[in-house]
Amino acid sequence: MTDLGWLSRTELLIGKDKLDALQNAHVLVVGMGGVGSYAAEFVCRAGVGHMTIVDGDVVEASNRNRQLPALATTHGLAKADVMGARLLEINPELQLSIKHEFITPDSAAALLDETRFDYVIDAIDSLTPKIHLIRAAKTRKLKIVSSMGAGGKMDPTRLQVVDISKTYNCPFAQFIRIRLRKHGISRGVKVVFSPEVVNKDSLMFTDGAKYKKSAYGTISYLPAAFGGVCASVAIRQLIAAAHKQAAAISETSELETGA
């Protein structure tokens with residue numbers, strides 16, 4: 001028997017019908033790093049009943065300053081497995097699919113064709129895989145929110161949710177805009193970004209990374225704030241869609257009965 005008592009505070013806020021809609025929703029979160037791990041946890045704690053999480057990486061010591069799966073005891077473990085176990089401890093009845101993979105053009109298409117996701121949260125921190133996922137989601141007309149750069153910044157109160165065409169002071173977003181335009185996408189992608197000027201002194205170059213040649217320093221709370229905003233966008237849009245659908249059904253019923 002399903003026990004939803006742990007969601008009583010959520011139901012108090014949004015009501016049973018909207019909570020039921022979340023229970024029936026399927027959310028995909030790609031990337032279990034500093035942004036994605038928190039986004040996944042917040043989606044789970046909101047009561048979403050079906051989730052797919054994707055990450056091909058393992059926990060490293062340098063992840064511990066900002067990533068939920070990163071503990072002194074989890075070094076070398078798959079981030080997706082650590083987060084999967086955590087999500088199931090939050091909600092043992094969660095219908096969860098775990099994918100151990102990095103996004104490529106082929107894998108992005110296959111992933112999004114595997115099932116019909118109600119929402120996609122893009123928390124990838126590498127340029128090329130991120131482009132593949134956004135493009136595949138747009139092609140399939142899937143709802144998606146994409147996190148821009150959280151590195152090199154400190155102030156969580158600066159975060160905004162805008163169309164990607166409205167971003168500025170974010171080098172990562174700038175590169176993404178340029179690449180997306182080559183695929184005919186100049187707007188229509190909802191993103192979470194911060195206009196805070198990047199601390200360029202915190203830039204480092206990575207060795208041997210296929211898709212990530214450099215990275216900025218990070219503070220513990222900033223990626224988590226990005227993840228929280230991404231999760232809030234997904235949850236609020238799912239709730240709004242459920243409300244709109246319920247209103248349409250009610251209107252149709254009234255027309256049919258002549259009420």
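Use the structure listed above.
Calculation notes
Residues numbered from 1 in each chain as written. Predicted model: local features only at pLDDT ≥ 70, side-chain atom pairs only at ≥ 80, totals over all residues. Heavy atoms only, no water. Salt bridge = Lys/Arg side-chain N within 4 Å of Asp/Glu carboxyl O. Helix = DSSP H or I, 4+ residues; strand = E, 2+ residues; numbered from the N terminus. Buried < 20%, exposed > 50% of the residue type's maximum accessible area, 1.4 Å probe, protein only. Pairing = 2+ DSSP bridges. Right-handed = clockwise from strand over helix to strand, strands pointing away.

Considerations on the pattern of salt bridges
Part 1 of the reasoning: On inspection of all chains with the given rule, the structure shows seven salt bridges.
Part 2 of the reasoning: Ionic pairing is found between glutamate 41 and arginine 86, a salt bridge with its closest N-O pair at 2.3 Å. Highlighted residues: glutamate 41 in helix H3 (residues 34–45) and arginine 86 in helix H4 (residues 79–90), separated in sequence by 45 residues.
Part 3 of the reasoning: A residue is classified by how much of its surface remains accessible, and glutamate 41, at 6% relative accessible area, is buried.
Part 4 of the reasoning: A relative accessible area of 32% means that arginine 86 is categorised as partly exposed.
Part 5 of the reasoning: For lysine 79, the salt bridge identified is with aspartate 57, shortest N-O distance 3.7 Å. With a gap of 22 residues between them, lysine 79 in helix H4 and aspartate 57 in the loop between strand S2 (50–54) and H4 connect regions that are remote in the sequence.
Part 6 of the reasoning: By relative accessible area, which is 28% here, aspartate 57 ends up partly exposed.
Part 7 of the reasoning: A cluster of three or more residues bridged by salt bridges with shared partners is formed by Glu41, Arg45 and Arg86.

A closer look at the pairing of strand S5 (residues 144–147)
Part 1 of the reasoning: Burial along S5 is two-sided: the face carrying Ile144 and Ser146 and the face carrying Val145 and Ser147 are both buried.
Part 2 of the reasoning: The sheet contact formed by strand S4 (residues 119–122) and S5 spans three bridges and is parallel. Across the sheet, residue aspartate 122 finds its bridge partner in S5, namely serine 146.
Part 3 of the reasoning: In terms of handedness, the path from S4 via helix H6 (residues 127–139) over to S5 forms a crossover that is right-handed.
Part 4 of the reasoning: As defined by bridge partners, S5 adjoins strand S7 (residues 190–193) across three bridges and the pair is classed as parallel. Within the sheet, the bridge partner assigned to serine 147 lies in S7 and is valine 192.

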